[in-house]
Amino acid sequence: PVHVGHQIWQRLDMDGILAKVGLTERARCLTEVMVMNRLVSPGSEYKIPDWIRRTALCDILGIDFESLAEDALYRNLDRLYPNREQIEKELGER
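In this report, the structure presented in the accompanying data block is examined. All of these numbers come straight from a predicted model, not from anything done at the bench. (Residues numbered from 1 in each chain as written. Predicted model: local features only at pLDDT ≥ 70, side-chain atom pairs only at ≥ 80, totals over all residues. Heavy atoms only, no water.)

For helix α3 (residues 25-40), spanning 16 residues, the distance from its first C-alpha to its last is 22 Å, which sits close to the expected 22 Å at 1.5 Å a residue. Those residues of α3 that sit buried are A27, R28, C29, L30, T31, E32, V33, M34, M36 and N37. Buried positions along α3 lie against α1 (2-11), α2 (14-20), α4 (48-52), α5 (57-61) and α6 (70-80). (Helix = DSSP H or I, 4+ residues; strand = E, 2+ residues; numbered from the N terminus. Expected span 1.5 Å × (residues − 1). Buried < 20%, exposed > 50% of the residue type's maximum accessible area, 1.4 Å probe, protein only. Contact = heavy atoms within 4.5 Å.)

The subject of this paragraph is the nonpolar core. Side chains of a nonpolar character, in soluble globular proteins, are inclined to be buried together. V33, W51, I52, L57, F65 and L68 are the most contacted members of the largest nonpolar core, which has 25 residues in total. Every element with two or more residues in this core is listed here: α1, α2, α3, α4, α5 and α6. When residues of this core are assigned to their parent elements, the largest contribution, 6 residues, is made by α3. With near-sequence residues (within four places) excluded, L57 lies in contact with V2, V33, M36, W51, I52 and G62. (Core = buried A, V, L, I, M, F, W, Y, C linked by side-chain atoms within 4.5 Å.)

Another point: the pattern of salt bridges. Taken as a whole and judged by the stated rule, the model has 7 salt bridges. For the salt bridge of E45 with R38, the shortest nitrogen-to-oxygen distance reads 2.7 Å. E45 sits in the buried class, given a relative accessible area of 11%. Residue classification places R38 among the partly exposed residues on the basis of a relative accessible area of 38%. Three or more residues joined by partner-sharing salt bridges are found here, namely D13, K20, E90 and R94. (Salt bridge = Lys/Arg side-chain N within 4 Å of Asp/Glu carboxyl O.)

In structure tokens form, the structure reads like this:
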């Protein structure tokens, strides 16, 4: 399921949308992880670090999430929230 989700992420050019609002590459990867979690195995940010280690996302994204802590996910939400309207607008156009 995460592979299919990643393909959809790419087709929607979500990285482009997130880059346009100023998110770093790391923030874009964390956002993709969070979205995939909501689609595949909804849970709190607290549970995402354990979940991601049981998926192929590390290989698909080429990132080692071994030291990922939920604090990084909470901080990422803080970066996304102020940009939500622009992200939604761009996504709606696609």
